[in-house]
Amino acid sequence: QVQLVESGGGLVQPGGSLRLSCAASGFTFSDVRMSWYRQAPGKDRELVAGISSDGGSTNYADSVKGRYTISRDNAKNMVYLQMNSLKPEDTAVYLCYSRPRVGTWFIPVWGQGTQVTVSS
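Below is a short write-up of the structure. Keep in mind the model is a prediction, meaning the values are calculated, not measured.

The rules behind these values
- Within any chain, residue numbers begin from 1 and follow the written order of that chain's sequence.
- Where totals are concerned, whole chains, interfaces and linings use all residues; where local detail is concerned, this predicted model gives features only for residues with pLDDT of at least 70, and gives and counts side-chain atom pairs only at 80 or more.
- Only hydrogens and water are set aside when side-chain values are computed; all heavy atoms of the structure are taken into account.
- For two strands to be treated as a pair, DSSP must find no fewer than two bridges joining them.
- In this text, helices come from DSSP runs of H or I with a minimum length of four residues, and strands from runs of E with a minimum of two, each type numbered from the N-terminal end.
- Helix axes are fitted only over the stretch in contact, all axes being lines through C-alpha atoms; the angle between N-to-C directions runs from 0 to 180 degrees.
- In this text, buried Ala, Val, Leu, Ile, Met, Phe, Trp, Tyr and Cys residues form a nonpolar core when linked through side-chain atoms within 4.5 Å.
- Accessible area is worked out with a 1.4 Å probe on protein chains only. A residue is then buried under 20% of its type maximum, exposed over 50%, and partly exposed in between.
- Contact definition: two residues touch when any of their heavy atoms are within 4.5 Å.
- Paired rings are identified among Phe, Tyr and Trp, the last through its six-membered ring, by centres lying within 6.5 Å, and are further divided according to the angle between planes into stacked (under 30 degrees), edge-to-face (over 60) and tilted (the rest).
- Should the NZ of a Lys or the CZ of an Arg lie within 6 Å of a ring centre and within 35 degrees of the ring normal, that charge is described as sitting over the ring.

### A closer look at the sheet that holds strand β1 (residues 3-7)
Spatially, β1-β3-β8-β7 is the arrangement adopted by the 4 strands of the open sheet, whose pairing is antiparallel. Two strands lie at the open edges of the sheet, namely β1 and β7 (68-73), each paired on one side alone. Strand-to-strand, the axes of this sheet are offset by a mean angle of 15°, without reference to chain direction. Two strands pair when backbone bridges link them, and strand β3 (residues 18-25) and strand β8 (residues 78-83) are joined in this way by 6 bridges, in the antiparallel orientation. When the sheet's bridge partners are listed, Cys22 is paired in β8 with Val79.

Structure, rendered in structure tokens:
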């Protein structure tokens, strides 16, 4: 079964840090690009960060550059999002995303999301 499962969210004070994890299963993880998105109440889902299949290339939304770091461990089928200097506006549900090839099709796969709340 193709699946993404996030963990690591929670409540943190402004200026704090969190590390999100996403466990992938059911597809060849090392073949696919991985991304983190977030969605705040009343707002569109936005791309936060992406990483190439080999981890050699990353990209970030302007709003998180210099504060967030995406990484992956292909041996463990895991992708991570290290979030530092968190701000209240970072509060959102964070979702892991990929589009692996399954058979002859490329299918979009989303995790269930993990809540991040930044508040004092």
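### A word on the nonpolar core
Formed by 29 residues in total, the largest nonpolar core has its most connected members in Met34, Trp36, Val79, Leu81, Met83 and Tyr94. Sorting the residues of this core by element identifies β3, β4 (34-39), β5 (46-51), β7, β8, β9 (92-98) and β13 (114-118) as the ones contributing at least two each. Ranked by residues supplied to this core, first place goes to β3 with 4 residues.

### Some details on the environment of Pro88
With respect to the helices and strands, Pro88 occurs in the loop between β8 and β9. On the basis of relative accessibility, which here comes to 46%, the residue Pro88 falls in the partly exposed class. With 31 residues separating them in the primary sequence, Pro88 and Ser119 have C-alpha atoms 5.8 Å apart. If sequence neighbours within four positions are ignored, Pro88 has contacts with Pro14 and Val118.

### Examining the packing of aromatic side chains
Tallied over the full model, the rule gives 4 aromatic pairs. With centroids separated by 6.5 Å and ring planes inclined at 45°, the aromatic side chains of Phe27 and Phe29 adopt a geometry described as tilted. Assigned by exposure class, Phe27 and Phe29 land together as buried. Ring geometry for Tyr37 versus Tyr97: centroids 5.7 Å apart, planes at 80°, classification edge-to-face. Highlighted residues: Tyr37 in strand β4 and Tyr97 in strand β9, separated in sequence by 60 residues. On the basis of relative accessible area, Tyr97 is assigned to the buried category, the value being 16%. Here a set of aromatic residues connected by ring pairs shows up, and it is made of Tyr37, Tyr97 and Trp110. The ring of Trp110 has Arg45 lying over it, and the distance from NZ or CZ to the ring centre is 4.4 Å.

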